[in-house]
Amino acid sequence: MPQSHGRFIWYELMTTDMEAARAFYADVLGWRARDASIPGSAYQILTAEDSPVAGLMSLPAEASRAGVPPHWIGYVGVDDVDAAALRVKALGGMVHVPPTDVADISRFSIIADPQGTTLALIKWRKSGETPLAPLTAPGRVGWHELLAANWEKALAFYTALFGWQKAEAQEGAMGTYQQFSAAGETSGGMFTKPPTLPYPFWLYYFNVTDVEAAAQRVEAGGGEILYGPMEVPGGSLIVHCTDPQGAIFALLDRRVRKPVGYYVPGYPDLRK
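Bear in mind that the values here come from a model prediction, so they are computed numbers and not experimental data. (Residues numbered from 1 in each chain as written. Predicted model: local features only at pLDDT ≥ 70, side-chain atom pairs only at ≥ 80, totals over all residues. Heavy atoms only, no water.)

**Student:** Can you help me understand the sheet that holds strand β9 (residues 141-148) in this one?
**Tutor:** In sheet architecture, strand pairing relies on hydrogen bonds along the backbone and comes in two forms, parallel and antiparallel. Here we have eight strands laid out as an open sheet, ordered β10-β11-β12-β9-β13-β16-β15-β14, and mixed in their pairing. The open sheet terminates on both sides in strands that have one partner only, identified here as β10 (165-172) and β14 (224-231). Each neighbouring strand pair of the sheet contributes to a mean axis angle of 25°, computed without reference to strand direction. Pairing of strand β13 (residues 201-208) with strand β16 (residues 248-253) involves four bridges; the strand directions are parallel. Each bridged residue has a counterpart across the sheet, and for valine 208 the counterpart in β16 is aspartate 253. Where helix α4 (residues 151-162) meets the sheet, its contacts fall on β9, β10, β11 (175-182), β12 (185-192) and β13, and the angle it forms with β12 comes to roughly 145°. (Pairing = 2+ DSSP bridges. Helix = DSSP H or I, 4+ residues; strand = E, 2+ residues; numbered from the N terminus. Axes fitted to C-alpha atoms, helices over the stretch in contact; angles between N-to-C directions. Contact = heavy atoms within 4.5 Å.)

**Student:** I keep staring at the pairing of β16 and nothing clicks. Help me out?
**Tutor:** Remark: a regular strand shows side chains that alternate across the two faces of the sheet. Most of β16 sits out of view: six of its six residues are buried. Here β16 shows a buried face lined by Ile248, Ala250 and Leu252 and a second buried face lined by Phe249, Leu251 and Asp253. Pairing geometry for strand β15 (residues 237-242) and β16, over six bridges, is antiparallel. Its bridge partner lying in β16, threonine 242 is registered against isoleucine 248. (Buried < 20%, exposed > 50% of the residue type's maximum accessible area, 1.4 Å probe, protein only.)

**Student:** Explanation requested: helix α1 (residues 18-29) in the structure shown.
**Tutor:** What sets the pattern is the α-helix's 3.6 residues per turn: residues three or four places apart point alike. Its twelve residues give α1 an end-to-end C-alpha distance of 16 Å, which sits within 8% of 16 Å, the value for a rise of 1.5 Å per residue. Within the sequence span of α1, burial applies to Met18, Ala21, Phe24, Tyr25, Val28 and Leu29. For α1, the buried positions fall inside an angular range of 125° around the axis, keeping them on one side. Backbone geometry just downstream of α1 places glycine 30 in the positive-phi region, at approximately 75°. (Expected span 1.5 Å × (residues − 1). Arc of directions from axis to C-beta.)

**Student:** Whenever I open this one, the nonpolar core confuses me. Can you help?
**Tutor:** Nonpolar side chains tend toward joint burial in soluble globular proteins. Ranked by internal contacts, the top residues of the largest apolar core, which has 54 residues, are Trp72, Tyr158 and Leu251. Those residues within four positions of tyrosine 158 in sequence are excluded, and the remaining contacts are Asp113, Thr117, Leu119, Leu146, Gly163, Trp164, Met190 and Trp202. (Core = buried A, V, L, I, M, F, W, Y, C linked by side-chain atoms within 4.5 Å.)

**Student:** I would appreciate a short explanation of the side chain of serine 181 in the present structure.
**Tutor:** Summarising the element assignment, serine 181 is placed in strand β11. On the basis of relative accessibility, which here comes to 12%, the residue serine 181 falls in the buried class.

**Student:** What exactly am I supposed to notice about the pattern of salt bridges here?
**Tutor:** Pairing between side chains of opposite charge can happen when the charged atoms of each approach one another. A complete count under the given rule lists five salt bridges for this structure. Its salt-bridge partner being arginine 107, residue aspartate 101 comes within 2.9 Å of it at the nearest N-O pair. Judged by relative accessible area, aspartate 101 falls into the partly exposed class, the value being 39%. Here aspartate 101 ties to arginine 125 by a salt bridge, and the two come within 2.2 Å at their closest N and O atoms. In this pair, aspartate 101 is assigned in strand β6 (residues 94-102) and arginine 125 in the loop between β8 (118-124) and β9, connecting sequence segments 24 residues apart. Given a relative accessible area of 44%, arginine 125 falls into the partly exposed group. Within the structure, one salt-bridge network assembled from shared partners comprises Asp82, Asp101, Arg107 and Arg125. (Salt bridge = Lys/Arg side-chain N within 4 Å of Asp/Glu carboxyl O.)

**Student:** Any chance you could explain the sheet that holds strand β4 (residues 51-58) here in plain terms?
**Tutor:** What the eight strands build is an open sheet, ordered β2-β3-β4-β1-β5-β8-β7-β6; its pairing is mixed. In the strand order of this sheet, the two ends are held by β2 (32-35) and β6, each with one partner. For this sheet, the mean inter-axis angle between neighbouring strands, taken without regard to orientation, is 25°. Of the pairings in the sheet, the one linking strand β1 (residues 8-15) to strand β5 (residues 71-77) comprises six bridges and is antiparallel in character. Bridge pairing in β5 places leucine 13 opposite tryptophan 72. Its contacts with the sheet place α1 against β1, β2, β3 (43-48), β4 and β5, and it is angled at close to 150° to β4.

So this is what it looks like as structure tokens:
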């Protein structure tokens, strides 16, 4: 089994309308859904080719009252959730949800890095609970991108927490785009966000075979195209979007099967 420590191994969409979100992503990405609710908590597992991709749940009421919008969150595997949560605090981050058990499925914690970007820690209770899929697998997350307040400080934090390493770097009009590797695999990049973005966040790219057609389905389903389609270094095509409830996500055309590179300026002002 591939090493999971330091790797993204699960994703969740927290939304204000589960059924509408389920229908939207089913149309855009071809996902199916199966119920995995527990008493008092509605939960659906989204699947691609019958394999689990992500979870779907309602945005907690307390988060909604605090002004947190619908959003995607990534879960990074760790060997010890409790130890990792303590390490987060020692490194200047915050623990929003302390280490918590979910039945006999997992132990998790919701954290924020020192710049306020939210992420989750997880350890499955059962070995191989969700097998790691290749980054090129259809319908899966194929790239993880951090739009940081300061990418160098962010990378230092995640290196100390997860053991991430620097990979290839590219220079562009907006500065450095630094790719990172986890467990020997380059799976994402980070850069310092433009000033038009009011806060740093993680952006998750879902693999599609025709990004232009997928972008049309986004708009037809009530979503919005924020940026693209655009070719990035390496030949991949990308689109940045929001779903009808406002959660930001991205599409990655995997026909060329090359990594994401630096995107060019032009991201809209999300404060509007």
